[in-house]
Amino acid sequence: GAGVSQSPSNKVTEKGKDVELRCDPISGHTALYWYRQSLGQGLEFLIYFQGNSAPDKSGLPSDRFSAERTGGSVSTLTIQRTQQEDSAVYLCASSLVGAAQHFGDGTRLSIL
Amino acid sequence: QKEVEQDPGPLSVPEGAIVSLNCTYSNSAFQYFMWYRQYSRKGPELLMYTYSSGNKEDGRFTAQVDKSSKYISLFIRDSQPSDSATYLCAMILGGTSYGKLTFGQGTILTVHP
């Protein structure tokens, strides 16, 4: 596609439920990133993929958070047993190696 | 202390003004520097991407990097109401140009007609 595509654009769920967020990177981009943006914390790095492997997972806040990437393309970020503090906008970015990152419009997650 | 400091503003200027946005950073290992613009309910949009100290110009935008002072700037000339957005500086550590971005808090800019 022309840009990074994320789905759903909005997600409302109850505390304790699991959620899956999807990212379709720009075609041909080998690197894929997940970030989280919240009012108090700004934009924070979560995880980075190069191809299907994740050399940097240092930003994942707890073991309730996991991510995978298949076929060097689509990625899914999963949050298990959601908590209210997980409410945020989850942003995905992709890039060619050695180039700048381009962002999608994010998934706005609200935990009730 | 945050690794990247950015004045959140808000900053309000009249149309046509020159805008100066700034970030300071504490870790001299940051090597690659970016400026993003973010409109409400949208993802960050890349404006400028620089590596070396000095100036880089693209249309009405000029990015300036001073590694010795650990200070980066974005200048917007002839500002327009459509420039009203949040501006985020971002940077990458180390010898590779990919990897996690560390962001400033963002500066909210309003350009009024």
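Below or above, wherever it landed, is the structure these notes cover. The numbers attached to residues start from 1 for each chain and follow its sequence in the written order. Both sets of labels track the order of writing: A upward for chains, 1 upward for ligands. For a predicted model such as this one, the threshold for reporting local features is a pLDDT of at least 70, and the threshold for listing and counting side-chain atom pairs is 80 or more; totals across whole chains, interfaces and linings nevertheless cover every residue. Hydrogens and water are ignored here; the side-chain numbers use all heavy atoms of the structure.

### Here we look at the overall build of chain A
Here's step 1: On a plain count of helices and strands, chain A comes out with zero helices and 11 strands.
Here's step 2: For helices the rule is a DSSP run of H or I covering at least 4 residues; for strands it is a run of E covering at least 2, with both sets numbered from the N terminus onward. Shown N-terminal to C-terminal, the secondary structure of chain A runs as helices and strands in the order β-β-β-β-β-β-β-β-β-β-β.
Here's step 3: Our radius of gyration is a C-alpha quantity, and the globule rule it is checked against amounts to 2.2 Å times the number of residues to the power 0.38. The C-alpha radius of gyration of chain A comes to 13 Å, within 12% of the 13 Å expected for a compact globule of 112 residues.
Here's step 4: For chain A, the spread of C-alpha atoms along the principal axes amounts to about 40 × 25 × 25 Å.
Here's step 5: Within chain A, the fraction of its 112 residues that count as buried is 46%.
Here's step 6: Residue contacts are counted whenever heavy atoms from the two residues lie within 4.5 Å of one another. Taking as baseline every contact in chain A between residues at least 6 positions apart, the subset at least 24 positions apart corresponds to 52%.
Here's step 7: Within the structure as shown, chain A displays about 5100 Å² of accessible surface, and the carbon and sulfur contribution to it stands at 45%.
Here's step 8: Just so you know, the count uses Lys and Arg for positive and Asp and Glu for negative, and it drops His and the chain ends. Here the site of a charge means NZ on Lys, CZ on Arg, CG on Asp, or CD on Glu. Taking the average location of the 10 positive side-chain charges in chain A and that of its 11 negative ones, the two points are 2 Å from each other. Relative accessibility thresholds used throughout: buried, under 20% of the residue-type maximum; exposed, over 50%; partly exposed, between the two (1.4 Å probe, protein chains only). Surface accessibility in these figures is a Shrake-Rupley result with a 1.4 Å probe; residues are shielded only by whichever protein chains are displayed.

### A word on the side chain of T78 of chain A
Residue and element names in this part refer to chain A.
Here's step 1: Tracing the backbone shows T78 in strand β8 (residues 75–79).
Here's step 2: Overall, the relative accessible area of 17% leaves T78 in the buried class.
Here's step 3: In contact with T78, not counting residues within four places along its chain, are V19, E20, R64, F65 and S66.

### Notes on the sheet that holds strand β3 (residues 19–24) of chain A
All names here are of chain A.
Here's step 1: Spatially, β1-β3-β8-β7 is the arrangement adopted by the four strands of the open sheet, whose pairing is antiparallel. Each edge of the open sheet is held by one strand with a lone partner, namely β1 (5–7) and β7 (65–69). Averaged over all neighbouring strand pairs, the angle between strand axes comes to 15 degrees, with direction disregarded.
Here's step 2: Relative to β8, β3 is paired through five bridges, and the arrangement is antiparallel. Opposite R22, over in β8, you have T76 as the bridge partner. In short, DSSP must find at least two bridges between two strands for them to pair. Interaxial angle, 0 to 180 degrees, is taken between N-to-C directions of lines fitted to C-alpha atoms, where a helix line uses only the stretch in contact.

### Quick look at the interface of chain A and chain B
Here's step 1: Taken together, the contact between chain A and chain B spans 22 residues of the former and 17 residues of the latter.
Here's step 2: What counts as buried area is the accessible surface, traced by a 1.4 Å probe, that two parts surrender upon association, with contributions from both included. Here chain A meets chain B over a buried area of about 1600 Å², counting both sides, of which 53% is carbon and sulfur.
Here's step 3: For chain A, the biggest contributors to the area lost against chain B are L43, F103 and D105 of chain A; these three give 27% of the whole.
Here's step 4: Here a salt bridge means any side-chain nitrogen of Lys or Arg lying within 4 Å of a carboxyl oxygen belonging to Asp or Glu. The interface formed by chain A and chain B includes one salt bridge.

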